[in-house]
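# Architecture at a glance
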Amino acid sequence: MSQFTVTIQNRIKSSSASISLTVLKIYSGMMLGLVFALIGEEIFGYGILSFSFVMVTVLALFWRLSRKWGWVQLLSFDLICILVGLLLRMYIYLAPGA
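What counts and how
Residues numbered from 1 in each chain as written. Predicted model: local features only at pLDDT ≥ 70, side-chain atom pairs only at ≥ 80, totals over all residues. Heavy atoms only, no water. Core = buried A, V, L, I, M, F, W, Y, C linked by side-chain atoms within 4.5 Å. Buried < 20%, exposed > 50% of the residue type's maximum accessible area, 1.4 Å probe, protein only. Contact = heavy atoms within 4.5 Å. Axes fitted to C-alpha atoms, helices over the stretch in contact; angles between N-to-C directions. Helix = DSSP H or I, 4+ residues; strand = E, 2+ residues; numbered from the N terminus. Parallel < 35°, antiparallel > 145°, perpendicular 65-115°, else oblique. Left-handed = near helix turned anticlockwise from the far one by under 90°. Nonpolar A, V, L, I, M, F, W, Y, C, P; charged D, E, K, R; others polar. 1 Å grid on protein atoms, 1.4 Å probe; cavity = no way out; pocket = protein on both sides within 12 Å on 5 of 7 lines; lining within 4 Å. Points joined across faces, edges and corners; volume = space filled by probe spheres on them.

## Overview of the nonpolar core
Core analysis: the largest hydrophobic core is formed by five residues, namely Leu21, Leu32, Val58, Phe62 and Leu74. Once residues within four sequence positions are removed from consideration, Val58 is found in contact with Leu32, Gly33 and Phe36.

What follows is the structure in structure tokens.
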């Protein structure tokens, strides 16, 4: 009986880690899709249908790219994206002639 409860605990632990990694991948993909959709909307001025299409397409591409990633790879990618975003923000604030 003791082995049964240990097995159940291990399965719950691994499935909850897998679910939380999947949720984080979806969140990261949606944020990346939102950024690219907003960039495209500002440049081309398309409507809500194209906006949604770009978001879903980028999410699907990110999902495909990060299929075999673990926690370390995903968190490293997120950190790099945040740092690039902060760098672009700093450039916009300090841009000459703005």
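## Some words on the packing of helix α1 (residues 2-44) against helix α3 (residues 71-94)
Geometry of a packed helix pair, given as the angle between the helix axes and the separation of the axes. Between α1 and α3, the least distance of the axes is 11 Å, while the angle of their chain directions is 25°. Overall, the two elements α1 and α3 adopt an arrangement that is roughly parallel. Relative to α3, α1 is oriented so that their crossing is left-handed. Between α1 and α3, the residues in contact are Ala17, Ser20, Leu21, Leu24, Lys25, Ser28 and Leu32 and Trp71, Leu74, Leu75, Phe77, Asp78 and Cys81, respectively. For the contact of α1 with α3, the residue count by class is nine nonpolar, two polar and two charged.

## A look at the layout of surface pockets
Approximately 530 Å³ is the volume attributed to the largest pocket. Lining the largest pocket are 14 residues, with Leu32, Val35, Cys81, Ile82 and Gly85 sitting closest to its centre.

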